Amino acid sequence: MEVEKLTIKRIHEGLQQKEFKAEEITKAYLERIKSYDRQIGAFLTLDENSALETSRQVDQRIARGSALNILDGVPVAVKDNMCTRGLRTTCASKMLEDFVPPYDATVVEALKHQGGVILGKTNMDEFAMGSSNENSGFHPVRNPWDSSRVPGGSSGGSAAAVSAGFAPMALGSDTGGSIRMPAAFCGLVGVKPTYGRVSRYGLIAFGSSLDQIGPFARTVEDAAYALEGIEGFDPRDSTSAPGRTKEDYAAAMKQGVRGMRIGIPREFFAEGVNPEVRRIVLRGVKSLEDQGAEVEEFTLPITQSGLSAYYMISSAEASSNLGRYDGVRFGYRAGEYKNFEELVVKSRTEAFGKEVKRRIMLGTYVLSSGYYDAYYKKAMLFRQKVRGLFREAFETYDAIVSPTVPMLPFKLGEKTQDPLEMYLADLFTVNVNIAGIPALSMPAGFSESGLPVGIQFMGNHFEESKLFRIAYALEKDLGLDLIPELGGVE
Amino acid sequence: MKVTKEEVEYIARLAHLEFTAEEALNLAGEFTAILEHFDQLAQEDLSGYGMDTFEKEGLRLREDRVVPFEHFGELFNNTASMAGTAVKIPKVVD
């Protein structure tokens, strides 16, 4: 069975028509993971027994004639910063290496309730801080398209898992681009929903005003089903948006793009963007224009300042959120300490990786007395400016288009010496999180050396349906073959 | 803006982290470069914006209701050292 070619939709149809069983599908995916994941490094924990048991329960319901949800029997990989009750959740950090949550995240509950088969927990940059998945406290992840290159981060494991055909769907989290960037680097659809659309209850916090959970899938339709499955108001998350009706993105996306207005911000296509990336993304824009969309260039001068504001805000929030890791109630505790202060300091110093410590320090610095006004407050005021500029733009445009990442997937080790160089990979993604708007990245094509290039569509708050409409139209026209040969190009 | 090794050591104390002298010096260099890049934010015209310019509503609170918690045992499964229902740590105050 070539499971790497299956989609959520195909699995649903196959189960309904009894072409195959859920247990069969799950076994096939688990076999593929065992055969190939050693060279990719996508998973940190596999939950084989539970996955098979869940799939058997789905088969029993099918045998009884029960109606199936779209996610029933669908194997899912979950980023290892989402709590799974009884199943190790590490955030790819030594700090939580042995942590077993006593509860499920809301999104995990939702998947289980709908019959989703959780295969295991995927690798990531430690505490979601990174853009390449080289900051994992355990081992890096490799890009299935070229194993000498990074898959992007921080949700690199989830992206690599879907790209390599280890699951048709995965969940990631996005604080400054951590779904969209690996989606672009791995040739996938990745969605960062509107802030508040998907519950953060059970998502281990990095930047609480920026974090959102979202799906990876190989097709736009599958991404639509996945988002439908996890979104919704949650009273346990005080930032969860109330009063929203359930949306049917999969139905709405087939309306075409005729008459839709798409804005091209010139600052997102300026010097510094890889020429192949620019060419491929603009070819995608042309396709939409040929299909009847109105495309117009405009100015949106937020990239460089947005990156600065993002790193100040996210680091500040991280320094606060990661204050809970002190070796007292849970997490790593140092083996030797003379007093309480040493217990805390040594536990944190020994267990956190270099990038996590760097961001905690940066966040503490920008919040500290004497620097708060110059850095953090300024960043927060700029945040309001970004919201205002996007609000103005969406009075004219249905969506804004850009490359997802200004560069092609880079080699492992290429950007690890200079943190600022790594941060620049987020240039086109961070302002989406600052404003809380939704964005979708999808494959736009391949470079001459066969590396995936992502195109990003940004929308107004709660207008994910427009993004799915545009993405579906482009996907149909491009007709890309998105299954890599595992082994890659050295 | 140049960040000194002494500032890094002060911030480390606030963050409950410790670094060797060499690490602190390296961090000082990194922060100097990062904050120099961030300085372009100072060029932005931010007049007319407040911290909550586009916030629609204040904090939404839920009803303060007592709900029995049934998973007390599981809650401390990840604690390194317990004495009965108390978490065991070194004396906080000498």
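Check the entry above for the structure.
One structure accompanies this document, and this report is about it. (Residues numbered from 1 in each chain as written. Chains lettered and ligands numbered in written order. Predicted model: local features only at pLDDT ≥ 70, side-chain atom pairs only at ≥ 80, totals over all residues. Heavy atoms only, no water.)

**Digging into the overall build of chain A**
1) Next: Secondary structure assignment for chain A yields 16 helices and 11 strands.
2) Next: The C-alpha radius of gyration computed for chain A amounts to 21 Å, which stays within 12% of the reference 23 Å derived for 490 residues, consistent with globular compactness.
3) Next: Considered along the principal axes of its C-alpha atoms, chain A spans approximately 65 × 55 × 50 Å.
4) Next: Here chain A holds 490 residues, and 67% of them are scored as buried.
5) Next: In chain A, the proportion of contacts linking residues at least 24 apart, taken out of those at least 6 apart, comes to 76%.
6) Next: When the accessible surface of chain A is totalled, it reaches about 16,300 Å², and 46% of it is carbon and sulfur.
7) Next: Of the charged side chains in chain A, 57 are positive and 63 negative; the average position of the first set lies 3 Å away from that of the second. (Helix = DSSP H or I, 4+ residues; strand = E, 2+ residues; numbered from the N terminus. Rg over C-alpha atoms; globule rule 2.2 N^0.38 Å. Buried < 20%, exposed > 50% of the residue type's maximum accessible area, 1.4 Å probe, protein only. Contact = heavy atoms within 4.5 Å. Areas by Shrake-Rupley, 256 points an atom, 1.4 Å probe, with all protein chains shown as cover. Lys, Arg positive; Asp, Glu negative; His and termini not counted. Charge placed at Lys NZ, Arg CZ, Asp CG, Glu CD.)

**Here we look at the state of the cysteines**
All names here are of chain A.
1) Next: Counted under the stated rule, the structure contains 0 disulfides over all chains.
2) Next: Unpaired in terms of disulfides, C83 finds its nearest cysteine sulfur in C91, a separation of 7.7 Å.
3) Next: Assessed through its relative accessible area of 3%, C83 is described here as buried.
4) Next: Judged by its relative accessible area of 1%, C91 falls in the buried class. (Disulfide = S-S within 2.5 Å.)

**A few points about the sheet that holds strand β5 (residues 189-192) of chain A**
Residue and element names in this part refer to chain A.
1) Next: If you walk across this open sheet you meet the 11 strands as β1-β3-β2-β4-β6-β5-β10-β11-β9-β7-β8, and the pairing is mixed. Looking at strand neighbours, the two that pair on one side only are β1 (43-46) and β8 (294-298), the edges of this open sheet. With direction set aside, neighbouring strand axes in the sheet form an average angle of 30°.
2) Next: In this sheet, strand β9 (residues 399-403) lies alongside strand β7 (residues 261-265) in parallel orientation, the contact comprising 2 bridges. Within β9, the residue paired with G263 across the bridge is I400.
3) Next: Taken strand by strand, helix α16 (residues 464-478) contacts β5, β7, β9, β10 (439-446) and β11 (452-458), and its axis lies near 10° from that of β10. (Pairing = 2+ DSSP bridges. Axes fitted to C-alpha atoms, helices over the stretch in contact; angles between N-to-C directions.)

**What to know about the packing of aromatic side chains**
For any pair of aromatic rings, the description consists of the separation of the ring centres together with the inter-plane angle of the planes.
Residues and elements named next belong to chain A.
1) Next: Enumeration according to the criterion identifies 19 aromatic pairs over all chains in this entry.
2) Next: Consider the rings of Y311 and Y423, whose centres lie 4.0 Å apart with planes at 20°: the pair is stacked. Here Y311, found in helix α10 (residues 303-321), pairs with Y423, found in helix α14 (residues 419-423); they are 112 residues apart in sequence, far enough to count as distant. Like Y311, the residue Y423 is buried in the burial classification.
3) Next: Taken together, a centroid distance of 5.9 Å and an interplanar angle of 90° make the contact between Y325 and F330 edge-to-face. Of the two residues, Y325 and F330, both sit in the buried class.
4) Next: Counting every residue linked through ring pairs, the aromatic cluster contains F99, F127, Y325, F330 and F352.
5) Next: Between R244 and the ring centre of F462, over which it is positioned, the NZ or CZ distance is 3.8 Å.
6) Next: Residue placement shows K415 over the ring face of F410; its charged tip is 5.3 Å from the ring centre. (Phe/Tyr/Trp six-rings, centres within 6.5 Å; stacked < 30°, edge-to-face > 60°. Lys NZ or Arg CZ within 6 Å of the ring centre and 35° of its normal.)

**Details of the packing of helix α2 (residues 22-40) of chain A against helix α3 (residues 48-63) of chain A**
Angle between the axes and distance between the axes: these two values describe a pair of packed helices.
Residues and elements named next belong to chain A.
1) Next: For the pair α2 and α3, the least separation of the axes is 7 Å and the interaxial angle reads 155°. With respect to their mutual orientation, α2 and α3 come out roughly antiparallel. Crossing angle aside, the handedness with which α2 passes α3 is right-handed. Contact residues: A22, E23, T26, K27, L30 and K34 in α2; E48, A51, L52, S55, R56, V58 and D59 in α3.
2) Next: Here the contact of α2 with α3 is built from residues that sort into 5 nonpolar, 2 polar and 6 charged. (Parallel < 35°, antiparallel > 145°, perpendicular 65-115°, else oblique. Left-handed = near helix turned anticlockwise from the far one by under 90°. Nonpolar A, V, L, I, M, F, W, Y, C, P; charged D, E, K, R; others polar.)

**Here we look at the nonpolar core**
Residues and elements named next belong to chain A.
1) Next: Ranked by size, the top nonpolar core spans 172 residues in total, and within it F127, F390 and F468 carry the most contacts.
2) Next: No other element matches the 11 residues that helix α13 (residues 372-396) contributes to this core.
3) Next: Leave out the neighbours within four places in its chain, and F468 touches V191, V220, A223, A224, L227, Y249, M253 and L440.
4) Next: The next biggest cluster of nonpolar side chains, apart from the first, holds 9 residues, and it includes V150, A184, M407 and M422. (Core = buried A, V, L, I, M, F, W, Y, C linked by side-chain atoms within 4.5 Å.)

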